[in-house]
Amino acid sequence: MLACKRLLCILKHRQIWTSVMWRNVTNWSPVGSAFNTRPHKRFELFEKNVGLFGMPELTSPAGFEIATKRVLEETDRLVNQTCNSLPGPETVEYFDQLSDGLCKVADLADFVKVSHPDQSYREAAEKTCMEIGTVVEKLNTNVELCNSLKNLLKDPEVSSKLDPDTRTVAELFMFDFEISGIHLDEKLRKEAVALHVKLLDLNHEFLTGSHLPNRIAKSAIPENLHRHFAKEGTFIQIGGLHADSPDDMVREIAYRIFLYPNAVLMECLEELLKYRNKLAKLLGYETYAHRALKGTMAKTPENVMTFLQLLTEKLSERTAKDLDMMKGMKTKLNPRNAELMPWDHPYFSSVLRAERFNIEPSLYSPYFSLGACMEGLNNLFTQLYGVSLMSEPPKAGEVWCEDVRKLAVVHETEGLMGYIYCDFLHRADKPHQDCHFTIRGGRRCRESGQYQLPVVVLMLSLPHPTKSAPTLLTPGMMENLFHEMGHAMHSMLGRTRYQHVTGTRCATDFAEVPSILMEYFATDYRVVSQFARHYKTGQPLPQTMVTRLCESKKVCGAADTQLQVFYSALDQIYHGNPQNRSTIDLLKDMQQKFYGLPYIPNTAWQLRFSHLIGYGAKYYSYLMSRAVASMLWKHCFVQDPLNRDMGERYRREMLAHGGAKEPMLMVEGMLQKRPTVEDFVDALVSELNPDFETFIMDSEG
């Protein structure tokens, strides 16, 4: 799900000159200082409001209605043009223009509806999302529109002249028609559209409900524990698992109350899964999982389950040892209540890491100021790709909060590559997840010949700077920053001809590879040493601290991975063949088979599994992407993480193509071999092996 970067001190003369040249023509400035200082108050009263992201319509919430009306009028025009034109490469261009126009409004609205601090903007954006979503579902069942594409692909004389990218995009658009029921008769097509619309409503209902807190009467909880939770009159509100609390009772209460079954949400999930299965069957797929996995690296749910089962087998002994270690630590700290429970896993695994390797986050944070981390990212990108991140002041009305920073991504010879808006600081109304949002995808504009520059938003929830210190990141925050910037650079460095396949618009189990790969750079001392300096003294972060941090991740790593296997398997079962059993019964079975800790009666973890919406049948993607990233790191970067030739090859073989190339072919191009399921599993398992040689060497040093 989605990070950022900065500076380096050794640059070629050409790079320095280019950087200076770009700064002279624009209002750009170095990135590090921009993130280590508070934003200046703008006198926007005297400036023209340019609208959100520079869209003049969006100076007010009412602008969403104007933008929606305009794009739908343009959609009608393009549909008519496409349907009345002879089949040729231009047909695919028309389709991409259709996709681009709708996505520019829908993607922006999708971001605003969850992130804007003004509720009126959020509500207007939500309305736009629903309206455009409904139109897209109807377009995907428009027979005349589909025939214009079908005629192109089935005409041997015309289709033989299509270049590979154009053919791939044409086939992807055709796939969208097929999974929407274009091959069905009119009655069944209408049923498919109705199911899609119903699912949009259920998706929204479940996603909203999965984040709502549960509450319980104050009298039901010991008074001395009230201070740990939010209060609402005579009730205690519990909006999370409090997994890092050192108090066993606080963790248990949070787990039992936050996960207590909500009958309305339970019915919503049951309906959601039922309608997904019904739609898949209507479209000719065996299950919803078969429909969802077409075009991914995994290909089929059978392959996913083979991967998960093999991984479980190879982790079993290590997982058991990890759980025993956690139980031992709990016994040591609380001998009267020593049984290891699900609410204990995150806490005691972190306690074990801290005890063995002394990785108290507060020891690291002074070395990871936000500005230093951004300079580190800039340095890394400059060395790998010849790309710099430059701070650019936003115009009046362009951003939704004064804390948001705007970055221009500039290549040393190719010029401006795109923009990244960084919404990094905590805000009460922001989603708690770190995310990457595509606002505008890149594409080659046929009319002008210019490249439409991509625009993305990165969202984190970092602490605000204080009077005495800049924003300081824990190691986990720093890695999340790098991760999300991996997504952003995937969007920035892709140079696809078509917006439909730009950047992260690719197979889900491939989309996480560039971001997870960045986590390896974030924990390599050769990279970290370039930017990690104490914000007061300027002293570099000791190498031994980085080594301890890396080794600490392997403590309880098998149990942590197995927990992700359990979630992935549950996702597959929910989207497989219906078993006429409740989601709770299925949860119990999967927890027993794929996890070593017991199910707690009267809890429904699945109702908090919000990834079921965006990642339905594809939650395994994180594990598979991590396996690929691990292989890429070991085969391509571990010897020299700052190697420009390898960086250029990585951009050329993987980042540049977005979804225009079959994902396994891109992986094969980098690794010079096609990995097997066993290779994926071995890559994940080998990550857990202690690097004794490095650790001993660094400790002695």
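Residues numbered from 1 in each chain as written. Predicted model: local features only at pLDDT ≥ 70, side-chain atom pairs only at ≥ 80, totals over all residues. Heavy atoms only, no water.

### Re unusual backbone geometry
Residues other than glycine seldom take positive phi values, yet Asn602 does so here, at roughly 60°. Relative to the elements of secondary structure, Asn602 occurs in the loop between α23 (583-594) and α24 (611-614). Of note in the backbone geometry, Gln672 takes a positive phi value of approximately 60° without being a glycine. Position of Gln672 among the secondary structure elements: in the loop between α27 (663-671) and α28 (677-686). Residue Gln672 is classed as exposed on the basis of its relative accessible area, which comes to 63%. (Helix = DSSP H or I, 4+ residues; strand = E, 2+ residues; numbered from the N terminus. Buried < 20%, exposed > 50% of the residue type's maximum accessible area, 1.4 Å probe, protein only.)

### Concerning the packing of aromatic side chains
Evaluation of the coordinates by the stated rule reveals 29 aromatic pairs. Note on Phe521 and Trp633: the rings are 5.0 Å apart at their centroids and 80° apart in plane angle, and the pair reads as edge-to-face. Of this pair, Phe521 sits in helix α19 (residues 513-522) while Trp633 sits in helix α25 (residues 621-637), placing them 112 residues apart in sequence. Between Phe566 and Tyr567 the ring centres are 5.5 Å apart and the planes differ by 45°, which places this aromatic pair in the tilted class. Members of the aromatic cluster, connected to one another through ring pairs, are Phe566, Tyr567, Tyr595, Trp605, Phe609, Tyr615, Tyr619 and Tyr622. (Phe/Tyr/Trp six-rings, centres within 6.5 Å; stacked < 30°, edge-to-face > 60°.)

### A word on the nonpolar core
Generally speaking, a soluble globular protein has its nonpolar side chains buried in company with each other. In terms of nonpolar packing, the biggest core is built from 170 residues, with Phe368, Met374, Ile420, Phe424, Met485 and Leu632 touching the most fellow members. Within the second largest apolar cluster, 29 residues are counted, among which are Phe95, Val158, Ala170 and Met174. (Core = buried A, V, L, I, M, F, W, Y, C linked by side-chain atoms within 4.5 Å.)

### Concerning the sheet that holds strand β3 (residues 230-232)
One open sheet holds the 3 strands; their spatial order is β2-β4-β3, and the pairing between them is antiparallel. Among the strands making up the open sheet, the edge pair consists of β2 (214-217) and β3. Across the sheet, the axes of successive neighbouring strands diverge by a mean angle of 35°, strand direction being ignored. The pairing of β3 with strand β4 (residues 235-238) spans 3 bridges and is classified as antiparallel. Across the sheet, residue Ala230 finds its bridge partner in β4, namely Gln237. Lying on the sheet, helix α10 (residues 248-258) is in contact with β2 and β4; it crosses β4 at an angle near 85°. (Pairing = 2+ DSSP bridges. Axes fitted to C-alpha atoms, helices over the stretch in contact; angles between N-to-C directions. Contact = heavy atoms within 4.5 Å.)

### Considering the packing of helix α17 (residues 475-493) against α19
Contact geometry of α17 with α19 gives a least axis separation of 7 Å together with a crossing angle of 135°. As summarised for this structure, α17 and α19 are arranged oblique, according to the angle between their axes. Seen along the crossing, α17 lies across α19 with a hand that is right-handed. Facing Met478, Glu479, Phe482, His483, Gly486, His487 and His490 of α17, the residues of α19 in contact are Pro514, Ser515, Ile516, Met518, Glu519 and Ala522. Considering only residue class, the contact of α17 with α19 consists of 6 nonpolar, 5 polar and 2 charged. (Parallel < 35°, antiparallel > 145°, perpendicular 65-115°, else oblique. Left-handed = near helix turned anticlockwise from the far one by under 90°. Nonpolar A, V, L, I, M, F, W, Y, C, P; charged D, E, K, R; others polar.)

### Notes on the confidence of the model for the protein
Mean pLDDT over the protein stands at 90; residues scoring 70 or higher make up 93%. Low pLDDT, under 50, characterises residues 1-26; the predicted model gives this stretch 95 contacts beyond four residues in sequence or across chains. The model gives residues 692-701 a pLDDT under 50, and that stretch makes 9 contacts with residues more than four places away or in other chains. (pLDDT = per-residue confidence, 0-100.)

### Concerning the environment of His500
By secondary structure assignment, the location of His500 is in the loop between α17 and α18 (508-511). Counting along the chain gives 15 residues from His500 to Ser515, while the straight-line C-alpha distance between them is 20 Å.

### Describing the pairing of β4
Along a regular strand, successive side chains alternate from one face of the sheet to the other. Burial of β4 is one-sided: the residues Ile236 and Ile238 facing one way are buried, the residues Phe235 and Gln237 facing the other way are not. Sheet topology places β2 next to β4; 4 bridges connect them, and they run antiparallel. Bridge pairing in β4 links Ile216 to Ile236. A loop of 2 residues connects β3 with β4, the two strands running antiparallel in sequence, and Gly233 in this loop sits at a positive phi of about 65°.

### Details of the side chain of Ser210
With respect to the helices and strands, Ser210 occurs in helix α9 (residues 186-210). Within polar-contact distance, the side chain of Ser210 engages the backbone oxygen of Leu207 at 2.9 Å. In contact with Ser210, other than residues within four places in its own chain, are Leu265, Leu607, Arg608 and Ser610. (Polar contact = N/O pair within 3.5 Å; in protein donor to acceptor, adjacent residues only side chain to side chain.)

### Things to note about α19
Taking burial as the measure, the 10 residues of α19 include 10 buried ones, the bulk of the element. Of the positions making up α19, those classed as buried are Val513, Pro514, Ser515, Ile516, Leu517, Met518, Glu519, Tyr520, Phe521 and Ala522. Structurally, α19 contributes buried residues whose contacts are with α16 (370-385), α17, α18, α20 (525-528), α25 and α26 (644-653).

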